[in-house]
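Structural characterization, general
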Amino acid sequence: MWWALLATGILFLYHFIFLQGLGMVTEVNLNSMLCPAVSDPFYGPWYRVWATAHQTLLTLVHGKALTFLCQNAGPACRALLDAARLPKQSWR
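The structure displayed is predicted, hence computed values, not measured ones.

About the criteria used
- Residues numbered from 1 in each chain as written.
- Predicted model: local features only at pLDDT ≥ 70, side-chain atom pairs only at ≥ 80, totals over all residues.
- Heavy atoms only, no water.
- Helix = DSSP H or I, 4+ residues; strand = E, 2+ residues; numbered from the N terminus.
- Rg over C-alpha atoms; globule rule 2.2 N^0.38 Å.
- Buried < 20%, exposed > 50% of the residue type's maximum accessible area, 1.4 Å probe, protein only.
- Patch = residues over 30% accessible without salt bridge, like charges linked within 9 Å, V, L, I, M, F, W, Y side chains within 5 Å.
- Areas by Shrake-Rupley, 256 points an atom, 1.4 Å probe, with all protein chains shown as cover.
- Salt bridge = Lys/Arg side-chain N within 4 Å of Asp/Glu carboxyl O.

Here we take up the overall build of the protein. Helix and strand counts for the protein stand at two helices and zero strands. Taken over C-alpha atoms, the radius of gyration comes to 23 Å for the protein, far larger than the 12 Å a tight globule of 92 residues would show. Based on the C-alpha atoms only, the size of the protein along its principal axes is roughly 80 × 25 × 25 Å. Taken over 92 residues, the protein has a buried fraction of 11%.

Shown next as structure tokens:
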């Protein structure tokens, strides 16, 4: 949980300090930080709040799914390799 919160904090600092500041200076809508995109599903006055909640939720779910996959992929791959391995031939 600690890594997910750290990643979310870094993501928010990057978007709200770096991208928003750079977007305001250059007057370019970098990653939809200054105003929502036309195709944004969270379009409206609260788009940043919804996008922040959406990103936090996806970061936590993705982290848990990746951890689960990595913990269970090793034994599953090993079992598949053992099943596919050809029997050893004895040399005479």
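On the surface, Trp2, Trp3, Leu6 and Ile10 cluster together into a nonpolar patch covering about 520 Å² of accessible area. Note that Trp3 resides in helix H1 (residues 2-26). In this structure Trp3 comes out as exposed when scored by relative accessible area, which is 65%.

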